[in-house]
Amino acid sequence: MNWYVLYTKPKWEKKVAEKLTQMGIVCYCPLISQIKQWSDRKKKVEVPLFNSYVFVQMADSDRNSVFQIAGVVRYLFWLGKPAIVRDEEINIIKTSLQSDNIADISVTSIQVGDKIKLEYGAFSNQSAIVKEVSKNYYVLVLESLGCVLKIKYK
């Protein structure tokens, strides 16, 4: 069975995960502890690591059953197909969150102007500046080589 990514209404991640569990669907909503400041107090609360995302493990034929739950908006799609997350990636998230030496975690997406380091391929270990982000490709500027690189998704 594959892991799929459900997109939920904002701030509904924990409620959706609870309802999925009650229905007998295997789900995972990674949570992190943060200290929130109110005008009169500070409080330690658990918030989702990924805003509006809940991971569900189910057979492809049963995917529509999740829409019975209030708060579920849609599945996350990647290149026209429902996004599938590998078991190893879910396990990495779980073990990373159990580690005691993590002080703070935040998830951000790649945006225009970001400086990144390429880890794979012919240009590995090269620094690049993100010039353009599209649905199907990235345009990166490799200053050290004096060239522009266009990376297409598969």
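Residues numbered from 1 in each chain as written. Predicted model: local features only at pLDDT ≥ 70, side-chain atom pairs only at ≥ 80, totals over all residues. Heavy atoms only, no water.

Colleague: With reference to specific residues and values, describe the environment of Leu79.
Modeller: When you line up the elements, Leu79 lands in the loop between strand S7 (77–78) and strand S8 (81–82). For Leu79, a relative accessible area of 38% translates into the label partly exposed. The spatial distance from the C-alpha of Leu79 to the C-alpha of Lys135 is 8.5 Å, given a sequence separation of 56 residues. (Helix = DSSP H or I, 4+ residues; strand = E, 2+ residues; numbered from the N terminus. Buried < 20%, exposed > 50% of the residue type's maximum accessible area, 1.4 Å probe, protein only.)

Colleague: Describe the pattern of salt bridges, listing the residues and the values that go with them.
Modeller: In the structure shown here, the tally under the stated rule is 4 salt bridges. The salt bridge involving Asp60 is made with Arg63; its shortest N-O contact spans 2.9 Å. Given a relative accessible area of 49%, Asp60 falls into the partly exposed group. Under the relative-accessibility criterion, Arg63 is labelled buried at 16%. For Arg86, the salt bridge is made with Glu88, and the minimal N-O distance between the two is 3.1 Å. The partly exposed category is assigned to Glu88, whose relative accessible area is 47%. Several salt bridges share partner residues, and in doing so they unite Arg86, Glu88 and Glu89 into one network. (Salt bridge = Lys/Arg side-chain N within 4 Å of Asp/Glu carboxyl O.)

Colleague: Describe the nonpolar core, listing the residues and the values that go with them.
Modeller: Residues Leu6, Leu20, Val54, Val56, Met58, Val66 and Tyr75 are the most contacted members of the largest nonpolar core, which totals 15 residues. If you list the elements that add at least two residues to this core, you get strand S1 (2–8), helix H1 (13–22), strand S5 (53–58) and strand S6 (72–75). Leave out the neighbours within four places in its chain, and Tyr75 touches Tyr4, Val5, Leu6, Val56, Met58, Arg63, Val66 and Phe67. By size, the runner-up hydrophobic cluster in this structure holds 12 residues, among which are Tyr28, Phe55, Ile90 and Ile93. (Core = buried A, V, L, I, M, F, W, Y, C linked by side-chain atoms within 4.5 Å. Contact = heavy atoms within 4.5 Å.)

Colleague: So, the environment of Phe67: which residues are in play, and what are the values?
Modeller: Mapped onto the fold, Phe67 is located in the loop between S5 and S6. Judged by its relative accessible area of 38%, Phe67 falls in the partly exposed class. Phe67 sits 61 residues away from Leu6 along the chain, and the two C-alpha atoms are 9.9 Å apart. Among all residues touching Phe67, those that are not within four sequence positions of it are Val72, Val73, Arg74 and Tyr75.

Colleague: Report on the packing of aromatic side chains, specifying residues and quantitative values.
Modeller: Under the counting rule described, the total for this entry stands at 5 aromatic pairs. Geometrically, the ring pair formed by Tyr7 and Tyr53 is edge-to-face, given 6.0 Å between the ring centres and 65 degrees between the ring planes. A residue pair is termed long-range when its members are at least 10 positions apart, and Tyr7 in strand S1 and Tyr53 in strand S5 qualify at 46 residues. Take Tyr7: its relative accessible area is 28%, and that puts it in the partly exposed class. Residue classification places Tyr53 among the partly exposed positions, given a relative accessible area of 25%. Residues Phe67 and Tyr75 carry aromatic rings whose centres are separated by 5.7 Å and whose planes lie at 85 degrees to one another, so their mutual orientation is edge-to-face. Aromatic ring contacts, followed pair by pair, group Tyr4, Phe67 and Tyr75 into a single cluster. A cation sits over an aromatic face here: Lys9 above Trp12, 5.1 Å from the ring centre. A cation over an aromatic ring shows up here: Arg74 above the ring of Tyr7, its NZ or CZ 4.9 Å from the ring centre. (Phe/Tyr/Trp six-rings, centres within 6.5 Å; stacked < 30°, edge-to-face > 60°. Lys NZ or Arg CZ within 6 Å of the ring centre and 35° of its normal.)

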